Amino acid sequence: MSGRLALSPLLLLLAQTALAQELNNFQALYDESSVRTRTLTIQLETADNDIRFSVALLDNETGFEARHEFEAPVPEMPVPFQFEQRNICGASVILLTVDYPWRHDWPQVVRILDTYAFRGSDFAFIDVAAGALTDIALLDRSQVEAEDMAMQPPILVECISDSGGIPFRFEMKTRD
């Protein structure tokens, strides 16, 4: 009996260690220009001029890298704000929301957030949407009942059945 009791704390410690390692695999670390996980690094950098920036995605395990350039709605360099990996419309997708900081405190200026979507397998850019990740309904808009549409966030994901093209696109909800 005492042998079993002595083993229980050891098993509990091993289970806690395994859980901590699993949580560490999904932990995202942010700084001013990048977000890092155990398997992925995303770096934001200025491009050739002040109104463009690039997003570089690096698979830390294989070394595979892809870079994409985007227009910035403001001249300030965006910073990573939120990051999520999901399976959307049958595709592994990396969603990166960036925050465009302002160099002033004008109360009439609202915060600008853009969400960029990349295919998880090859880091190919898929689509872009304005708004925080939490404001995107990650569901097929064709599955939303008309009476439930008013409760959905302002940005919807529409699944596309074209197997050779993009798996989905973001779309702003209209007031139908």
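Before reading on, note that the structure itself is shown above.
Just so we're clear, the structure is a prediction, and the values are computed from it rather than from any experiment. For every chain, the first residue of the written sequence is number 1, and numbering continues from 1 onward in sequence order. Local features are withheld for residues below a pLDDT of 70 in this predicted model, meaning they are given only at 70 or higher, and side-chain atom pairs are given and counted only at 80 or more; totals for whole chains, interfaces and linings count all residues. With hydrogens and water set aside, each side-chain value is computed from the structure's full complement of heavy atoms.

Along the protein, the regular secondary structure elements total one helix and 12 strands. Listing every helix and strand of the protein by position from the N terminus yields α-β-β-β-β-β-β-β-β-β-β-β-β. To sort residues, take the accessible area from a 1.4 Å probe on protein chains only and compare it with the maximum for the residue type: under 20% means buried, over 50% means exposed, and anything in between is partly exposed. By residue count, 33% of the 176 residues in the protein fall in the buried class. Within the protein, contacts between residues at least 6 apart in sequence are counted, and of these 37% link residues at least 24 apart. For accessible areas, the Shrake-Rupley method is used with a probe of radius 1.4 Å. Any residue's cover is judged against the shown protein chains and nothing else. When the accessible surface of the protein is totalled, it reaches about 11000 Å², and 54% of it is carbon and sulfur. Comment: elements are numbered from the N terminus, with helices defined as DSSP H or I runs of at least four residues and strands as E runs of at least two. What makes two residues a contact is simply this: any of their non-hydrogen atoms within 4.5 Å.

Before going further, it helps to examine the nonpolar core. Here, nonpolar core means buried Ala, Val, Leu, Ile, Met, Phe, Trp, Tyr and Cys residues that are tied together by side-chain atoms lying within 4.5 Å of each other. Core analysis: the biggest nonpolar cluster contains 19 residues, and Ile42, Phe53, Val55, Ile94, Leu96 and Phe118 have the highest contact counts within it. Within the residue set of this core, elements represented by two or more residues are β3 (40-46), β4 (52-59), β5 (65-71), β7 (91-100) and β8 (112-119). With four residues, the single largest contributor to this core is β7. Setting aside chain neighbours within four positions, we find Ile42 in contact with Ser33, Ser34, Val35, Val55, Ala56, Leu57, Phe83, Ile94 and Leu96. Leu95, Ala117, Ala129 and Ile136 belong to the second-largest nonpolar core, a separate cluster that totals 13 residues.

Here we come to the pairing of strand β6 (residues 79-88). In the sheet, β6 pairs with β7 via nine bridges, with the strands oriented antiparallel. Across the sheet, residue Pro80 finds its bridge partner in β7, namely Val98. Each pair of strands is called paired provided DSSP finds at least two bridges between the two strands. The turn joining β6 and β7, which pair antiparallel and follow one another in sequence, is formed by two residues; a positive phi near 55° is taken by Cys89.

A word on the state of the cysteines. In plain terms, two cysteine sulfur atoms within 2.5 Å form what is called a disulfide here. Applying the stated criterion across every chain, the model contains one disulfide. Two residues, Cys89 and Cys159, share a disulfide whose sulfurs are 1.9 Å apart. The sign of the S-S torsion, about -75°, decides the handedness of the disulfide formed by Cys89 and Cys159: left-handed. Residue Cys89 is located in the loop between β6 and β7, and its partner Cys159 is located in strand β11 (residues 155-159); the two are separated by 70 residues in the primary sequence. Note on Cys159: relative accessible area 27%, which makes it partly exposed.

The five strands lie next to each other as β1-β2-β3-β4-β5, forming an open sheet whose pairing is antiparallel. Edge positions in the sheet fall to β1 (29-30) and β5, since each of these pairs with one other strand and no more. Where β3 meets β4, seven bridges bridge the pair, whose relative direction is antiparallel. Bridged to Thr41 within β4 is Leu58.

Let's shift gears to the environment of Met77. By the element assignment, Met77 lies in the loop between β5 and β6. The partly exposed category is assigned to Met77, whose relative accessible area is 22%. Here Met77 is in contact with Leu44, Glu45, Thr46, Phe53 and Pro101, once residues within four sequence places are set aside.

A word on the environment of Val79. For Val79, the position within the fold is in strand β6. Residues Val79 and Glu32, spaced 47 residues apart in sequence, show a C-alpha to C-alpha distance of 5.8 Å. Not counting the four nearest positions on each side in its chain, Val79 is found in contact with Glu32, Leu44, Thr97, Val98, Asp99 and Pro101.

In this fold, His68 is placed in strand β5. For His68, a relative accessible area of 18% corresponds to the buried category. A polar side-chain atom of His68 sits 2.7 Å from the main-chain carbonyl oxygen of Phe123. Other than its neighbours up to four places away in sequence, His68 contacts Phe53, Ser54, Val55, Leu57, Phe118, Phe123, Ala124 and Phe125. Here a polar contact is recorded for every N or O atom pair within 3.5 Å, except that within protein the pair must consist of a potential hydrogen donor and a potential acceptor, and residues adjacent in sequence are included only if both atoms are side-chain atoms.

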